[in-house]
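A structural walkthrough
Listed below are the residues making up each chain.
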Amino acid sequence: RWLNIELTIFVALMLLLGFNAAVLHVLGSGNISALEQALIFFALISLLRGKALWFAAALAFCAQFRLLPIAFAVLPLLLDGRKGLRTALLTISVWAALLMLNFVFFPQMSTDLLLSLSHLDERGEINPSTLALLRDLVDLTWPARSGLGVYAAEITYVSAAAPAAALAARHIFARART
């Protein structure tokens, strides 16, 4: 039984072949999104059933492919109060430990990644983000930047994002205390 559904041959075939065999096409194309979705759903089900270790393991493993799923680590704070704080910290700790294994086993690759990320600046239609917009605006209004002006867009972005993050953290930790 999975999700209170009796897993029969009919259900398994329907899950694999439904919607014009979408799952098989995704798996065949090599797209990691199906595995990510399965891990996120497994983590959420584990959280709702009170299995913190499974939640932490599934979410930490899922966040190794893309970083966004680790944002779900705050969910236990909204559900369980103080116990949720332990679950959230466990999830982030397991994720960080798995992430640090890359630095242990592949130190040169990790150094190269960090160096290449510092030069990454994707803008335009491929990256419709607030930071890219601020960088474009700063380049238009202040083309010859030097000194602290090089980081003008980043400083503006952080000064706008930090209060929002602080308010969200305040709300989450206020709920965790209750």
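Attention here is on the structure that accompanies the text. (Residues numbered from 1 in each chain as written. Predicted model: local features only at pLDDT ≥ 70, side-chain atom pairs only at ≥ 80, totals over all residues. Heavy atoms only, no water.)

1. Some thoughts on the packing of aromatic side chains
Note the cut-off: A pair of aromatic rings is counted whenever rings of Phe, Tyr or Trp (Trp by its six-membered ring) have centres within 6.5 Å, and the orientation is called stacked for planes under 30 degrees apart, edge-to-face for over 60 and tilted otherwise. Only DSSP runs of H or I reaching four residues or more are called helices, and only runs of E reaching two or more are called strands; each is numbered from the N terminus. Exposure categories follow from relative accessible area, calculated using a 1.4 Å probe and restricted to protein chains: below 20% of the type maximum is buried, above 50% is exposed, and the middle band is partly exposed.
For the coordinates displayed, the defined rule picks out two aromatic pairs. Look at phenylalanine 42 and tryptophan 54: their rings are 5.9 Å apart centre to centre, the planes differ by 85°, and that puts the pair in the edge-to-face class. In this pair, phenylalanine 42 sits in helix H2 (residues 33-48) while tryptophan 54 sits in helix H3 (residues 52-62), placing the two residues 12 residues apart along the sequence. Relative to phenylalanine 65, the ring of phenylalanine 61 lies with its centre 5.5 Å away and its plane at 80°, an arrangement referred to as edge-to-face. Residue class for phenylalanine 65 comes out partly exposed when judged on its relative accessible area of 36%.

2. What about the packing of H3 against helix H5 (residues 82-105)?
Applicable threshold: Working convention: axes come from line fits to C-alpha atoms, limited for helices to the stretch in contact. Angles between N-to-C directions cover 0 to 180 degrees. Should an angle lie under 35 degrees it is considered roughly parallel, over 145 roughly antiparallel, and from 65 to 115 roughly perpendicular; all remaining angles are considered oblique. Note on convention: the crossing is left-handed when the near helix lies turned anticlockwise from the far helix by less than a right angle, right-handed when the turn is clockwise. Here a residue-residue contact requires only that any non-hydrogen atoms of the pair lie within 4.5 Å. Basically, the charged four are Asp, Glu, Lys and Arg, the nonpolar ten are Ala, Val, Leu, Ile, Met, Phe, Trp, Tyr, Cys and Pro, and anything else, Gly included, counts as polar.
Where H3 contacts H5, the axes come no closer than 8 Å and their chain directions differ by 40°. As summarised for this structure, H3 and H5 are arranged oblique, according to the angle between their axes. The interaxial crossing formed by H3 with H5 has right-handed handedness. From H3, Ala52, Leu53, Phe55, Ala56, Leu59, Ala60 and Phe61 reach across to H5, where they touch Thr87, Leu90, Thr91, Val94, Trp95 and Leu98. Across the contact of H3 with H5, the residue classes tally to 11 nonpolar, two polar and no charged.

3. A word on the pattern of salt bridges
Pairing between side chains becomes possible if they bear opposite charge and their charged atoms approach one another. The line we're drawing: What makes a salt bridge here is a side-chain nitrogen of Lys or Arg within 4 Å of a carboxyl oxygen of Asp or Glu, nothing more.
Inspection of every chain in the model, using the stated rule, returns one salt bridge. For glutamate 36, the salt bridge goes to arginine 66, with nearest N and O atoms at 2.5 Å. Of this pair, glutamate 36 sits in helix H2 while arginine 66 sits in the loop between H3 and helix H4 (75-80), and the two are 30 residues apart along the sequence.

4. Examining the packing of H2 against H3
In the contact formed by H2 and H3, the axes pass within 8 Å of each other and the chain directions differ by 160°. Considering the angle they form, H2 stands roughly antiparallel to H3. Judged by the sense of rotation from one axis to the other, the crossing of H2 with H3 is left-handed. Residue-level contacts link Glu36, Leu39, Ile40, Phe42, Ala43, Leu44, Ser46 and Leu47 of H2 to Trp54, Phe55, Ala58, Leu59, Phe61 and Cys62 of H3.

5. What to know about the nonpolar core
This is how the line gets drawn: Among the buried residues, those of types Ala, Val, Leu, Ile, Met, Phe, Trp, Tyr and Cys that are joined through side-chain atoms within 4.5 Å form a nonpolar core.
Counting residues in each nonpolar core, the largest one holds 10 residues, listed as Ala43, Leu47, Phe55, Ala58, Leu59, Ala60, Ala63, Ile70, Ala73 and Trp95. Listed by contribution, the elements that provide at least two residues to this core are H2 and H3. Top element by residues in this core is H3. It accounts for four residues. In contact with isoleucine 70, not counting residues within four places along its chain, are Ala63, Thr91 and Trp95.

By themselves these figures say nothing about function.
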